[in-house]
Amino acid sequence: MSHIHQAAIFCQVCIGYLPPGSFAELHKMGNSLFRSLSTAAVKERVPLDVLRPRLQSALPARLRLRDWKMAYSSKRDGISLRSLYRAASREAGAKNGSSAESLLFVRDSRGNAFGAFATEPWRVHQRYYGTGESFVFTVHDESSSAASEKTADDAKKQNDGVVAFRWSQRNDYFMFGRADCAAVGGGNGFALWLDEELLRGNSAPSETFDNPCLSGGVKDFQIVYVELWTFAARNA
């Protein structure tokens, strides 16, 4: 269905012409239309393939020479946190030499790029999990609204536009997974929080990583897409 057709149906809703019983489909259509328009708005943004060398240098040394594999993409696999959890579980059990670590990459509707490096597979659990190698990051490219908000600190590592905020050792709130949300960091606020539909999220300073708001200084954001990347042994 074209964007124009979708917009026309929304207009019908506004003037009362939508047939009864169509609101569930309307909700799905609204999410689809928002994502389509948001993706179009940020289509000039720098893709992850270009950013990968910058992110690679922030990873633990043992992973820098591994092949990246896109385990999950909201554009390819649908907008569902449950699908992301399934992909993480599948990769953790794969026999191709995939590592348990993963990189969560988020692009928001304002063009900001940020995410988290996780040391354990994402899953639903009643408590925080993960290890002190975890970190959150921002990518400061020309399209990012946070491009001028770089922070200098010995605990933070900048690699060609990537700023990684590493474990502060103030608490061990690394990863948190529930059926209705996923989060990284804690203490005063989540460094990164995503809802179950992967449509909305928020970011705040956290004690875990001593990070600022990752999403360009604006706490609440709308998600354009989410990707989960794992690291496979070469020639596996």
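Please refer to the structure placed before this passage.
Here the structure is a predicted model, which means the values were calculated and not measured.

Colleague: Could you give me a rundown of unusual backbone geometry, with the residues and numbers involved?
Modeller: Not every positive phi belongs to a glycine, and Gln169 is a case in point at roughly 70°. On the accessibility criterion, Gln169 (62% relative accessible area) is exposed. Despite not being glycine, Asp210 has its phi angle at roughly 50°, a positive value.

Colleague: An account of helix α5 (residues 81–92) is needed here, citing residue identities and associated values.
Modeller: Between the first and last C-alpha of α5 there are 17 Å, a value that for 12 residues agrees with the 16 Å anticipated at 1.5 Å per step. Where α5 is concerned, the buried positions are Leu81, Ser83, Leu84, Tyr85, Ala87, Ala88 and Glu91. The N-capping residue of α5, defined by a side-chain oxygen 3.2 Å from the backbone nitrogen of Arg82, is Ser80.

Colleague: Kindly report on the packing of aromatic side chains, identifying the contributing residues and their values.
Modeller: This model, assessed by the stated rule, comprises 10 aromatic pairs. A centroid spacing of 5.0 Å and a plane angle of 75° characterise the contact between Phe114 and Phe221, whose relative ring orientation is edge-to-face. Of this pair, Phe114 sits in strand β3 (residues 113–118) while Phe221 sits in strand β11 (residues 220–232), and the two are 107 residues apart along the sequence. For Phe114, a relative accessible area of 0% gives the class buried. Geometrically, the ring pair formed by Phe117 and Phe231 is tilted, given 6.4 Å between the ring centres and 50° between the ring planes. Highlighted residues: Phe117 in strand β3 and Phe231 in strand β11, separated in sequence by 114 residues. Phe117 sits in the buried class, given a relative accessible area of 1%. Since its relative accessible area comes to 0%, Phe231 is described here as buried.

Colleague: Would you mind going over the nonpolar core in detail, with residue names and values included?
Modeller: Judged by nonpolar contacts, the single largest core of 30 residues is most densely connected at Leu84, Leu104, Val106, Trp122, Val136, Leu192 and Leu194. With five residues, the top contributor of residues to this core is α5. Residues in contact with Leu84, not counting those within four places in the same chain, are Tyr72, Leu104, Trp122, Val226 and Leu228. Listed in part, the 20 residues of the second largest apolar core include Leu103, Val139, Val162 and Val224.

Colleague: Before we move on, can you summarise the side chain of Glu101 with the specific residues and values?
Modeller: With respect to the helices and strands, the residue Glu101 is situated in strand β2 (residues 98–108). The class for Glu101 is buried, based on a relative accessible area of 10%. Only 2.7 Å separates the side chain of Glu101 from the side chain of Arg62, close enough to count as a polar contact. Once you skip the residues sitting within four places of it in the chain, Glu101 turns out to touch Arg62, Leu63, Phe117, Ala118, Thr119, Trp229, Thr230 and Phe231.

How each quantity is defined
Residues numbered from 1 in each chain as written. Predicted model: local features only at pLDDT ≥ 70, side-chain atom pairs only at ≥ 80, totals over all residues. Heavy atoms only, no water. Buried < 20%, exposed > 50% of the residue type's maximum accessible area, 1.4 Å probe, protein only. Helix = DSSP H or I, 4+ residues; strand = E, 2+ residues; numbered from the N terminus. Expected span 1.5 Å × (residues − 1). Polar contact = N/O pair within 3.5 Å; in protein donor to acceptor, adjacent residues only side chain to side chain. Phe/Tyr/Trp six-rings, centres within 6.5 Å; stacked < 30°, edge-to-face > 60°. Core = buried A, V, L, I, M, F, W, Y, C linked by side-chain atoms within 4.5 Å. Contact = heavy atoms within 4.5 Å.

In short, the description is geometric, and any link to function would need to be established separately.
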